[in-house]
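Geometric and topological summary
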Amino acid sequence: MSKNNLQSAQESINEIEEALNSISQKQQNEDAFVDKANITFDNNILAFKKYFPDIAEKFSSHQPSSKFNLFLNSNGSANFIDYDTGVPIYSEDPHKQSSEQIKSMLENPIMGKVDHSQLEFLKNETGFIHIDLMAEIGAIYNETQQALTPTKSVAEFIPSAIIFGVGLGYHLDNMFGSFNAAYISIFEPNEDYFFASLFTFDWASFLNKVDEAGSYLYFSIGVPEQEMYEALHLRAGEIGAFSVASALFFQHYPSEAVNKLINEFKGNYHQFFMGWGFFDDALLSVAHSVDNSLKPINLLQPAKKISETYNHFPIFIVANGPSLDSDIDTIKKLQDKVIIVACNSATTALLKQGITPDFHVALERTKATEDFLTAFIPEHTRQKINLLVLNVMYPKVLDLFGWCGVALKSNEAGTSLFHISEFLNNGRITSTIGFSNPLVGNTALSFFGSMEFKNIYLFGADNGYKDPNHHHSKGSYYYSGEGETIHAPLKMGGELIVPGNFGESIITDHFMHTGKVQMERFLESKLDAGINCFNCSDGAAVKGSMPLRSDDILLEEFSFSKNEVIEHIKTQPFSAVDKNVCLTDYLDFDEFEQLCNTMVEILDGPILNRTEALEQLLESLRYLFSFKNHPRYTHLYLLLEGESLYVTSVLISLLYNFGDETTIVPYYEKAKTLWRDFIADAPQQYRDRWNELSDYSFDYSKPSVS
């Protein structure tokens, strides 16, 4: 054998030995990993049994997909093959990679923030003390904004951290090293990824650390990316929107769907901080509900559905969006074959076309609703129309029409009072209808969807507009006979662009967008009811409804008239209020004063920095929210719930949008004192105003624009 051949053979032998050693080392690494991973898994399942038993039960016997590929890098660290791309999620050094990711996040954090700079300029045309309070706090917010620089770093203690992606959990080792969060939400859309983390990450230590820190931890595992926003929104509704205020967003592994989701969170962040009532609203809720309960009203019993004989009869819900103008002729042509439900001002547009609606739906609870109805719908016409309202409506409105049906509105102090009286006297309660605000179209859909009519058509439910100068039907009271704007609508919040029902894009604002989302939530809640909702409106797309041009409507023929269906509606799902119900027996003035005094005591404690300020504020809110599901005092919680959410969302924004740990404190204290004084005065307001009906009027004889 030549010298070259001998050298070549030796090199081959060395390579074989290295390969064998590598295989041996790999086997040793894998054996060691398996032993450690199984111990980690068992410890994690025990920890989850303590804190999240449902998760422990589910994943102790989880069967992963055939795609599941948990493997070791050459250095012995675990890695995982991404299902979508087929490549490893991590580099050769996942721990270093995740540590650098956290460092990068802290240097350039993605924060969900709300700008409250316009609050100072609110006009108090209603005389509500809520408006005065918000404007005063808004002035301090603007003063702070001018005096201090914007906060760009992550504070030591933040209200909320929202984490997208668990992966193998490496990032969670370092996530809360330099800061902590009061509320932590972890989303992992892939159940297999979370299952893998049970072998690689010390969840037991993490859960114990979160528990010792006093933070609140929430998991959403296996929730598809497109449903994460809704999951967080529902959670915020349950525990309070302050749980997502000034939120830090963190995305662990690349995902186009999660990128879109974070943009959706940022774009729709306003939804977490809209749609609440406030203190004056809650007092009207009590006063109007008490007064209405004494009337011989027809109360909707949602459990008593429309008979199968009639429930396929078509319902035309007519709102007053601009696209109504193009569908008026269709409605007029089909009016004898359908039940026409007009949403407040849409009635004026229909009457101009010689169409008398079968039902008129009104939502706004102030006296201005009575002013509108008496100004624009003649008495003899109202007597031909049936009215549908909620129990919080201004009481005199209930007397204006030939027949009136009332439904209980959820999450209202007046409704809670009604339920307490019902239950303590009769051992049962009447169900509410959900998702019935903020727009009248929401109320109408909730009424007829709750009765479970199977074929519902939406007209003029645009929840926005294409032309900023064409915001409602030109046949309605908003416009003159020449099409000039007489009464300009309020614009609520910033402008948004959303997909249209028939394509293109629609301009909307935060208020109308919330109405669209509420429609979607209602339809989702009724998925099992077999309701077909056809959206004929040329406005914003509504998920759960089917786009349908009005020219393409095909109606089934029935052997009975629509008058027969209307009479069935007025008798089947409605019944008289039980005479034993007496709301005034359960007003609980002293108990409300005690609740408020305790909140004031909490807020009176001294604070030295931002962290102490947030902890104190959250303590006061958690005390209030402890009454949320109280079997006897939920109405007291509801008196302050909306006001507390509005005010504290501004207080938290002020606290975290400007300055640092200590420079923000004097400004925050000024704003907090306004809130503290408001709470201290609330019990006397309740005693003085519990039976005070709305006195907010609107002179519809005068144009609102020049």
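Now for a description of the structure that goes with this document. Sequence order as written defines the numbering, with residues in each chain counted from 1. The predicted nature of this model means local features are confined to residues of pLDDT at least 70 and side-chain atom pairs, given and counted, to a pLDDT of 80 or more, with totals for whole chains, interfaces and linings taken over all residues. Excluding hydrogens and water, the side-chain figures rest on all heavy atoms present in the structure.

1. Things to note about the overall build of the chain
For the chain, the count of helices and strands is 22 helices and 19 strands. Buried, partly exposed and exposed residues are distinguished by accessible area as a fraction of the type maximum, computed with a 1.4 Å probe on protein chains only: under 20%, between the cut-offs, and over 50%, respectively. Taking all 706 residues of the chain together, the buried fraction comes to 56%. Contacts: residue pairs with any heavy atoms within 4.5 Å of one another. Taking as baseline every contact in the chain between residues at least 6 positions apart, the subset at least 24 positions apart corresponds to 74%. Counting from the N terminus, the helices are the DSSP runs of H or I reaching at least four residues and the strands are the DSSP runs of E reaching at least two.

2. Details of helix H4 (residues 129-147)
A helix is expected to reach a length of 1.5 Å times the quantity of its residues less one. Taking 1.5 Å as the rise per residue, H4 with 19 residues should run 27 Å; its terminal C-alpha atoms sit 27 Å apart, in good agreement. Residues of H4 that are buried include every one of His-130, Ile-131, Leu-133, Met-134, Ala-135, Ile-137, Gly-138, Ile-140, Tyr-141, Asn-142 and Thr-144, and no others. Where H4 is buried, its residues touch helix H10 (279-293), helix H21 (634-657) and helix H22 (665-689).

3. Regarding the nonpolar core
One finds Phe-194, Trp-203, Phe-206, Phe-219 and Leu-639 to be the most contacted residues of the largest nonpolar core, which totals 127 residues. Ranked by the residues each element gives to this core, the list is headed by H21, at 14 residues. If near-sequence neighbours (up to four positions away) are discounted, Trp-203 is found in contact with Asn-44, Phe-48, Val-166, Leu-172, Ile-186, Phe-194, Ser-197, Leu-198 and Phe-219. Buried residues of nine kinds, namely Ala, Val, Leu, Ile, Met, Phe, Trp, Tyr and Cys, make up a nonpolar core once their side-chain atoms join them within 4.5 Å. With 41 residues, the next largest nonpolar core counts Tyr-310, Ala-319, Val-440 and Phe-522 among its residues.

4. A short note on the packing of aromatic side chains
Geometry of aromatic contacts follows a simple scheme: Phe, Tyr and Trp rings, the Trp one being its six-membered ring, pair when their centres are within 6.5 Å, and the pair is stacked under 30 degrees between planes, edge-to-face over 60, tilted otherwise. Inspection of every chain in the model, using the stated rule, returns 46 aromatic pairs. The interplanar angle of 75° and the centroid separation of 5.6 Å between the aromatic rings of Phe-359 and Phe-448 together place this pair among those described as edge-to-face. Of this pair, Phe-359 sits in strand S11 (residues 359-361) while Phe-448 sits in helix H16 (residues 440-450), and the two are 89 residues apart along the sequence. Overall, the relative accessible area of 0% leaves Phe-359 in the buried class. By relative accessible area, which is 0% here, Phe-448 ends up buried. What links up through ring pairs into an aromatic cluster is the set Phe-48, Phe-52, Phe-59, Phe-176, Phe-179, Phe-194, Phe-201, Trp-203, Phe-206 and Phe-219. The residue whose ring lies beneath Arg-549 is Phe-502, and the NZ or CZ to ring-centre distance is 3.8 Å. Charge over a ring is defined by NZ of Lys or CZ of Arg lying within 6 Å of the ring centre and within 35 degrees of the ring normal. Between the NZ or CZ atom of Arg-610 and the centre of the ring of Tyr-656, over which it lies, the distance is 5.2 Å.

5. A few points about the side chain of Asn-535
Within the secondary structure, Asn-535 is located in strand S17 (residues 532-535). Residue class for Asn-535 comes out buried when judged on its relative accessible area of 0%. The definition of a polar contact used here is a pair of N or O atoms within 3.5 Å, where within protein one atom must be able to donate a hydrogen and the other to accept one, and adjacent residues in sequence count solely through side-chain atom pairs. For Asn-535, the side chain forms a polar contact with the side chain of Ser-537, separated by 3.0 Å. Among residues more than four places away in sequence, those in contact with Asn-535 are Leu-458, Asn-501, Phe-502, Ala-540, Val-542, Ser-545, Met-546, Pro-547 and Leu-548.

6. Some points on the sheet that holds strand S3 (residues 110-112)
Two strands pair if DSSP finds at least two bridges between them. An order of S3-S7-S4-S5-S6 is seen for the 5 strands of this open sheet, with the pairing classed as mixed. Looking at which strands have only one partner, the edges of the open sheet turn out to be S3 and strand S6 (216-221). For this sheet, the mean inter-axis angle between neighbouring strands, taken without regard to orientation, is 20°. Pairing of S3 with strand S7 (residues 247-251) involves 3 bridges; the strand directions are antiparallel. By the bridge assignment, Met-111 is partnered in S7 with Leu-248. As a rule, the C-alpha atoms of each element are fitted with a line to give its axis, helices using only the stretch in contact, and angles between N-to-C directions run from 0 to 180 degrees.

7. Regarding a nonpolar patch on the surface
Together, Phe-423, Leu-424 and Ile-429 line one region of the surface with nonpolar side chains, adding up to about 310 Å² of accessible area. Along the chain, Ile-429 falls in the loop between helix H15 (413-426) and H16. In this scheme, patches are assembled from residues that exceed 30% relative accessible area and form no salt bridge. Like charges are connected within 9 Å, while nonpolar side chains (Val, Leu, Ile, Met, Phe, Trp, Tyr) are connected within 5 Å. Accessible surface is estimated by sampling points in the Shrake-Rupley manner with a 1.4 Å probe; for residues, cover comes only from the protein chains shown. Salt bridge criterion: a side-chain nitrogen from Lys or Arg within 4 Å of a carboxyl oxygen from Asp or Glu.

8. Some details on the sheet that holds S17
On the basis of which strands lie adjacent, the open sheet formed by 10 strands has the order S18-S17-S14-S9-S10-S11-S12-S13-S8-S19 and mixed pairing. Because the sheet does not close on itself, it has two edges, and the strands there are strand S18 (546-547) and strand S19 (574-576). With 2 bridges connecting them, S17 and S18 associate as parallel partners. Bridging from a neighbouring strand, Phe-534 pairs with Met-546 of S18.

9. A look at the environment of Ser-644
Mapped onto the elements, Ser-644 comes out in helix H21. Residue class for Ser-644 comes out buried when judged on its relative accessible area of 0%. If near-sequence neighbours (up to four positions away) are discounted, Ser-644 is found in contact with Leu-621, Leu-624, Phe-625 and Trp-675. At 2.7 Å, the side chain of Ser-644 and the backbone oxygen of Glu-641 are in polar contact.

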